[in-house]
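# What the coordinates show
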Amino acid sequence: MVEEQRYWDTETETMSRDKLLEYQWSKLLPQLRYAYNNAPYYRRSFEEAGVKIDDIKKVEDYYERVPFLSKTQIIENQRTNPPFGDLLAVKPEDLSRIYIAPGPLVLSFTKGEYDVLTAMIAKVFYMCGVQGRDIVNVTTGYHWVIAGTVIDEAFRKIGCAVMPGGPGMSKMHIEMMKLVKVTVLMGFTMFVLQLAETAKEMGIDPSEELSLRLLVVAGDVRTENTKGKLEKTFGAEVREAYGTADLGLIAAECPEGGGMHLYEEILVEVIDPKTGKQVPFGEGGEIVASDIVRKAMPIIRYRTGDITEGLNLEPCPCGRSTPRLKRILGRNSDIAKVKGMFINPSEIESVIKRHPELGRFQIIVDRPKLLDELAIKIEFNKTVDKEKMEGFLVNELKEVIRLKSNVVLVEEGTIPQDAGVLDDRRKV
Ligand SMILES: [Zn+2]
């Protein structure tokens, strides 16, 4: 890749909006057929919705008739038919990467699509302003989940030198970024804010003593002034990126801002989460996406549960033609995202059910300062050694949800009957 080049792939990035829609549809229709013919799940879901694949002839048919896919449906499908469910469209021996998203949800990729996926992410990071001479610290998780390794691979495709820092160990991040003169930091917003705090505690001014010139931040609900705060603290430009644990990254900012450009390879629509109908162009709602390149486990009309302010359809001065995704406002489901991880109440329930002396429970998510806190209130109905049981449950739950929670045992009847299983107290 020549660094001076303005676009990663001029042809796809700068085609006219009409051409772009044509291009996406020319890829999506064969992808729908591929999913229908190779993943039994899709054939069944189409049949249950009374839709035949031949009924889908134009993009309007897709929007009106193709059934949605939800995270819960994937989890249930894989639970019934482990490990891949019948969403798998290739033979298991053709797989090259397997990731575990919280749920648990098994995400699989062939080598071919993994290469395509990482090239797509490379294109997006290049758009953010990352260059081949950059030294990058990737702070997203490398274990189990999709984020770390694909992001790492994408930066290396641009030609960067990558330091696989991963999450946690904030102090070491600051020390190593200073030592190695890291120029680009990639991470979840909350962790990057945490790094700013850590640097402050260490008496280090990141804008003076680190060599960062660019931050690519993803995930987590953020307030509008977060970006400005990060820019000032680190003395670096900040680009936001958006992705999900199942789809990977699907949008990111170019230097012009005004929202995050969508990928050409992912068809995004915005729906009213209550009615499931598309909202008028530009209006806010839930993000629904179809990936047009996935082979092992096609993802068609996936309801992300994330609520956006809408799509910015104005032409962007950078010359790229995809619409820009405006701010992500929060989650629309009972699956809370805590510290970048999804917390599925049924996973927590499965642990609690192992203990007959435990009863109803409630998940409380809060963000008293910068970091998310997860508390689980559980009713007990027999005499238990409270402290011992709480300690035991913290460990047992951590095995399943991969996050440390604060377990509080309360007497039976303490949790109000009308209380929801999830109480998310975080302010958007
Ligand atoms: Zn742009």
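Per chain, residues are indexed from 1 in the order of the written sequence. Whole-chain, interface and lining totals are the exception, using all residues; otherwise, since this is a predicted model, local features are given only for residues with pLDDT of at least 70 and side-chain atom pairs are given and counted only at 80 or more.

As a further point, take the overall build of the protein. Put simply, DSSP H or I for four residues or longer makes a helix, DSSP E for two residues or longer makes a strand, and each gets a number counted from the N terminus. For the protein, the count of helices and strands is 13 helices and 21 strands. This radius of gyration counts C-alpha atoms alone. The globule rule is 2.2 Å times how many residues there are, raised to the power 0.38. In summary, the protein has a C-alpha radius of gyration of 22 Å against a globular reference of 22 Å for 428 residues, a match within 12%. Here the C-alpha coordinates of the protein stretch approximately 70 × 65 × 45 Å along the principal axes. By the convention adopted here, residues make contact when the C-beta atoms placed from their backbones lie within 7 Å. Across the protein, contacts joining residues at least 24 apart in sequence account for 64% of those joining residues at least 6 apart.

Attention shifts here to the sheet that holds strand β10 (residues 266–271). The antiparallel open sheet is built from four strands, whose spatial order is β10-β11-β12-β15. What marks the edges here is a single partner per strand, and that holds for β10 and β15 (328–331). Averaged over neighbouring strand pairs, the angle between their axes works out to 40° when direction is ignored. Taken together, the four bridges between strand β11 (residues 285–291) and strand β12 (residues 302–308) define a ladder with antiparallel strand orientation. Each residue of the ladder has a partner; that of E286, found in β12, is I307. Being paired, for any two strands, means DSSP has found at least two bridges between them. Here, axes are lines fitted to C-alpha atoms. For helices the fit covers the stretch in contact, and angles between N-to-C directions go from 0 to 180 degrees.

On to the domain arrangement of the protein, then. An automatic or database domain assignment supplies the start and end points of every domain. Parsing the protein into structural domains produces domain 1 (10–18 + 84–333) and domain 2 (341–424). For domain 1 and domain 2, the distance between their C-alpha centres works out to 31 Å. Residue-level contacts link seven residues of domain 1 with eight residues of domain 2. Here the nonpolar group is Ala, Val, Leu, Ile, Met, Phe, Trp, Tyr, Cys and Pro; Asp, Glu, Lys and Arg are the charged ones; every other residue, Gly included, is treated as polar. Residues that form the side of domain 1 that touches domain 2 fall into these classes: four nonpolar, two polar and one charged.

We now examine unusual backbone geometry. A cis amide bond, omega -5°, links P82 with the succeeding residue P83. Within the secondary structure layout, P83 lies in the loop between α5 (71–80) and β1 (95–101). In this structure, P104 follows G103 across a cis peptide bond, with omega equal to -10°. Here P104 shows up in the loop between β1 and β2 (105–110). One non-glycine residue, R301, adopts positive backbone phi at about 50°. The phi angle at R402 is positive, at roughly 60°, despite the residue not being glycine. One can find R402 in the loop between α13 (386–401) and β20 (406–411).

Let us look at the environment of A119. Summarising the element assignment, A119 is placed in helix α6 (residues 111–128). The spatial distance from the C-alpha of A119 to the C-alpha of R133 is 18 Å, given a sequence separation of 14 residues.

For the rest of this paragraph, the subject is α5. Neighbour counting defines burial: a residue surrounded by 20 or more other C-beta atoms within 10 Å of its own C-beta is buried, one with 12 or fewer is exposed, and intermediate counts give partly exposed, using backbone-placed C-beta atoms. Inspection of α5 places K71, I74, I75, N77 and Q78 among the buried residues, and these make up the whole buried set. One face of α5 carries all of its buried residues, which in axial projection span an arc of 165°. By definition, the arc is the one covered by directions from the helix axis to the C-beta atoms.

What follows is about the packing of helix α12 (residues 345–352) against α13. Running from N to C, α12 and α13 cross one another at 140°; their axes reach a closest spacing of 10 Å. Compared by their axis directions, α12 and α13 come out oblique. Viewed along their axes, α12 and α13 form a crossing whose handedness is right-handed. In contact with E347, I348, S350 and V351 of α12, α13 contributes E396, L397, V400 and I401. Partitioned by chemical class, the residues of the contact of α12 with α13 number five nonpolar, one polar and two charged. Note on angle classes: values under 35 degrees are labelled roughly parallel, values over 145 roughly antiparallel, values of 65 to 115 roughly perpendicular, and the remainder oblique. Helix crossings fall into two classes, left-handed where the near helix is turned counterclockwise from the far one by less than a right angle and right-handed where it is turned clockwise.

Three or more residues of helix α11 (residues 226–234) are buried, namely L230, T233 and F234. Summarising the axial view, the buried residues of α11 lie within an arc of 80°, below the 170-degree limit, and thus occupy one face. The inward-facing, buried residues of α11 abut α9 (189–201), α10 (206–209), β6 (214–218) and β7 (237–244). With its phi angle positive at about 60°, G235 sits one or two positions after the end of α11.

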